[in-house]
Amino acid sequence: MILNLLRRIFGSRQERIVRRYRPQIDAIHRECETLASLPDEEFPRKTEEFRRRLAEGETLDDLLPEALALAKDACRRLLGRTWDVVGHPVTWDMIPYDVQLVGSIALHHGKIAEMATGEGKTLVAVAPLYLNALTGKGVHLVTVNDYLALRDSQWMGGVYRFLGLTV
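A brief look at the structure comes next. (Residues numbered from 1 in each chain as written. Predicted model: local features only at pLDDT ≥ 70, side-chain atom pairs only at ≥ 80, totals over all residues. Heavy atoms only, no water.)

**Concerning the packing of helix α5 (residues 98-108) against helix α6 (residues 121-133)**
In step 1: At their nearest, the axes of α5 and α6 sit 8 Å apart, and the two run at 45° to each other. Between α5 and α6, the interaxial angle falls into the category oblique. Seen along the crossing, α5 lies across α6 with a hand that is right-handed. Packed against α5, whose contacting residues are Gln 100, Gly 103, Ser 104, Leu 107 and His 108, the element α6 presents Leu 123, Val 124, Ala 125, Ala 127, Pro 128, Leu 131 and Asn 132 at the interface.
In step 2: Residues of the contact of α5 with α6, tallied by class, amount to 7 nonpolar, 5 polar and no charged. (Axes fitted to C-alpha atoms, helices over the stretch in contact; angles between N-to-C directions. Helix = DSSP H or I, 4+ residues; strand = E, 2+ residues; numbered from the N terminus. Parallel < 35°, antiparallel > 145°, perpendicular 65-115°, else oblique. Left-handed = near helix turned anticlockwise from the far one by under 90°. Contact = heavy atoms within 4.5 Å. Nonpolar A, V, L, I, M, F, W, Y, C, P; charged D, E, K, R; others polar.)

**Topic: the pattern of salt bridges**
In step 1: In the structure shown here, the tally under the stated rule is 14 salt bridges.
In step 2: Note that Arg 22 is salt-bridged to Asp 26, the shortest N-O span being 3.2 Å. Pair noted here: Arg 22 and Asp 26 are both in helix α2 (residues 13-34), with a separation of 4 residues, about one helical turn.
In step 3: The salt bridge partner of Arg 77 is Asp 73, with a shortest N-O separation of 2.6 Å. You can see Arg 77 and its partner Asp 73 sitting in helix α4 (residues 60-77), 4 residues apart, about one turn around the helix.
In step 4: A residue is classified by how much of its surface remains accessible, and Asp 73, at 4% relative accessible area, is buried.
In step 5: One salt-bridge network, held together by shared partners, links Asp 40, Asp 73, Arg 76, Arg 77 and Arg 81. (Salt bridge = Lys/Arg side-chain N within 4 Å of Asp/Glu carboxyl O. Buried < 20%, exposed > 50% of the residue type's maximum accessible area, 1.4 Å probe, protein only.)

**Focus: the pairing of strand β1 (residues 82-85)**
It is a general feature of regular strands that their side chains alternate between the two faces of the sheet.
In step 1: Every second residue of β1 is oriented toward a common face, the buried set being Trp 83 and Val 85 and the non-buried set Thr 82 and Asp 84.
In step 2: Between the end of β1 and the start of strand β2 (residues 88-91), which pair antiparallel, lie 2 residues, with Val 86 showing a positive phi angle near 45°. (Pairing = 2+ DSSP bridges.)

**Some details on the packing of α4 against α6**
In step 1: Contact pair α4 / α6: the axes reach a minimum separation of 9 Å and the direction vectors enclose 130°. When the axis of α4 is compared with that of α6, the two are oblique. Classified by chirality, the crossing of α6 by α4 is right-handed. Where α4 approaches α6, its residues Leu 60, Leu 63, Leu 64, Ala 67, Leu 68, Leu 70, Ala 71 and Cys 75 are matched on the opposing element by Leu 123, Ala 127, Tyr 130, Leu 131 and Asn 132.
In step 2: The residue makeup of the contact of α4 with α6, split by class, is 12 nonpolar, 1 polar and no charged.

**Observations regarding the packing of aromatic side chains**
In step 1: The tally for this structure, following the rule as stated, stands at 2 aromatic pairs.
In step 2: Ring centres 5.7 Å apart and planes at 20° place the aromatic pair Trp 83 and Trp 92 in the stacked group. Across the pair, exposure class does not vary: Trp 83 and Trp 92 are buried alike. (Phe/Tyr/Trp six-rings, centres within 6.5 Å; stacked < 30°, edge-to-face > 60°.)

Here's what the structure looks like:
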């Protein structure tokens, strides 16, 4: 009974984590607004700018709102574009929702982001993979399913290439 009362007052652990990420989500939205006038060809240059800023002493956490906003806006700009995924044309139709950005931030911080089938786990991984790839050390997403590894590298690869990365 006391536990239920405390949970109603303070929220569950997951709700408290989401509340803690809210300022970062708001910052991502503000950054997205500033990207509206940025031409598509500038996205790889922004990636290089982020790498330079890391080399000058900024941290991945410093860059998180800008980098996740850039990844989100890349998804928006790719809407309607088509590329081959495991031999089939696929038209891009995804932009991360706030709940997916929360999952992205959680993954970046080394936490587990549990989501049900169809809630966008593959898309959730794009932003933290992009952010962590800025270090130039390479980033790996591990799956035990060879088909999914191939499919997702090609499917999400369109976003990474738009941002100036290789897959």
